[in-house]
Amino acid sequence: MYLLRTSLYLSMLSCFVLISSCASMVGLQGKDDWSVVPKSYIEGLTAAKDGQPEQAIKLFSSTVSAHPEFLPAYVNLGLQYLQLKQYAPAERSFKKSIELNPDNPASFHYLGVIARFSGDFDLARKLYLKSIDLYPDYAIAHLNLGILQDMYLHEFEQALDHYETYQSLLDKKDAKVSNWIIDIKRRITKRKKS
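## Examining the overall build of the protein chain
Consideration 1: Helices and strands together make up the secondary structure of the protein chain, namely 10 helices and 0 strands.
Consideration 2: Counting helices and strands in the order they occur from the N terminus, the protein chain gives α-α-α-α-α-α-α-α-α-α.
Consideration 3: Counting all 194 residues of the protein chain, 49% fall into the buried class.
Consideration 4: When contacts within the protein chain are restricted to residue pairs at least 6 apart in sequence, long-range pairs at least 24 apart make up 56% of them.
Consideration 5: Summed over all atoms, the accessible surface of the protein chain reaches about 9,700 Å², with 56% contributed by carbon and sulfur.

## Notes on the pattern of salt bridges
Consideration 1: This model, assessed by the stated rule, comprises 8 salt bridges.
Consideration 2: Residues Glu43 and Lys39 are paired through a salt bridge, measuring 3.8 Å at the closest nitrogen-oxygen approach. Taken as a pair, Glu43 and Lys39 lie in helix H2 (residues 39–49) at a separation of 4 residues, close to a single helical turn.
Consideration 3: Judged by its relative accessible area of 35%, Glu43 falls in the partly exposed class.

## Description of the packing of helix H3 (residues 53–66) against helix H4 (residues 71–83)
Consideration 1: Running from N to C, H3 and H4 point in directions that differ by 155°, and their axes come no closer than 9 Å. The angle between the axes of H3 and H4 places the two elements in the roughly antiparallel class. For the crossing formed where H3 meets H4, the hand is left-handed. In this structure, H3 contributes Pro53, Ala56, Ile57, Phe60, Ser61, Thr63 and Val64 to the contact, and H4 contributes Ala73, Tyr74, Asn76, Leu77, Gln80, Tyr81 and Gln83.
Consideration 2: Each residue belonging to the contact of H3 with H4 can be placed in one class, and the counts come to 9 nonpolar, 5 polar and no charged.

## Digging into helix H5 (residues 87–100)
Consideration 1: Between the first and last C-alpha of H5 there are 20 Å, a value that for 14 residues agrees with the 20 Å anticipated at 1.5 Å per step.
Consideration 2: Pro89, Ala90, Ser93, Phe94, Ser97, Ile98 and Leu100 are the residues of H5 that are buried.
Consideration 3: On the buried face of H5, the contacting elements are H4 and helix H6 (105–117).

## Side note on the nonpolar core
Across soluble globular proteins, you tend to see nonpolar side chains buried next to one another.
Consideration 1: By size, the foremost hydrophobic cluster in this structure holds 52 residues, and its most contacted members are Leu82, Phe94, Tyr110, Leu143, Tyr163, Val177 and Ile184.
Consideration 2: The biggest single contributor to this core is helix H8 (residues 139–152), with 9 residues.

Here is what the cut-offs are and how they apply
- Residues numbered from 1 in each chain as written.
- Predicted model: local features only at pLDDT ≥ 70, side-chain atom pairs only at ≥ 80, totals over all residues.
- Heavy atoms only, no water.
- Helix = DSSP H or I, 4+ residues; strand = E, 2+ residues; numbered from the N terminus.
- Buried < 20%, exposed > 50% of the residue type's maximum accessible area, 1.4 Å probe, protein only.
- Contact = heavy atoms within 4.5 Å.
- Areas by Shrake-Rupley, 256 points an atom, 1.4 Å probe, with all protein chains shown as cover.
- Salt bridge = Lys/Arg side-chain N within 4 Å of Asp/Glu carboxyl O.
- Axes fitted to C-alpha atoms, helices over the stretch in contact; angles between N-to-C directions.
- Parallel < 35°, antiparallel > 145°, perpendicular 65-115°, else oblique.
- Left-handed = near helix turned anticlockwise from the far one by under 90°.
- Nonpolar A, V, L, I, M, F, W, Y, C, P; charged D, E, K, R; others polar.
- Expected span 1.5 Å × (residues − 1).
- Core = buried A, V, L, I, M, F, W, Y, C linked by side-chain atoms within 4.5 Å.

Scope: geometric values only; no functional claims are made or implied.
Structure follows, in structure tokens:
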């Protein structure tokens, strides 16, 4: 079960790299109104989409050097480092994006991911909750908080709530998470009978 959820999580992370790229452009911009998107940023998105994280890092780094207030580049730079399991530079990128916009749910979420990978489960929970507080419909934050509470903290009732919220935010239900919901309901029932 653990390996299945971990592999699902890692595959979802790579999918959300592209989704976050788009979300960053729309709702997570920093102080400036960027009516013209830097060419290096667009090229970085293409490299990320093509599975070239090292190239994407170079391009996003170039973007933040030339445009230090361009929030989406920091978020996507952090995602590329995260994909390569380079947690320290990923953390720096997400923290910089939060400096630019403290209401940035994606960066709080991904800092939670880093905290979870580092084994700091209490911090991960706080960061996921901060992300959800900023954007209650942030589905992946609900999923990751549910996984944390289910697998690591054994807070099954709370995990169930977040799994169900995650499912309710999707257009099409996630079959794996549906099975997790069935499983966790059984464990809750078994725990109550003991």
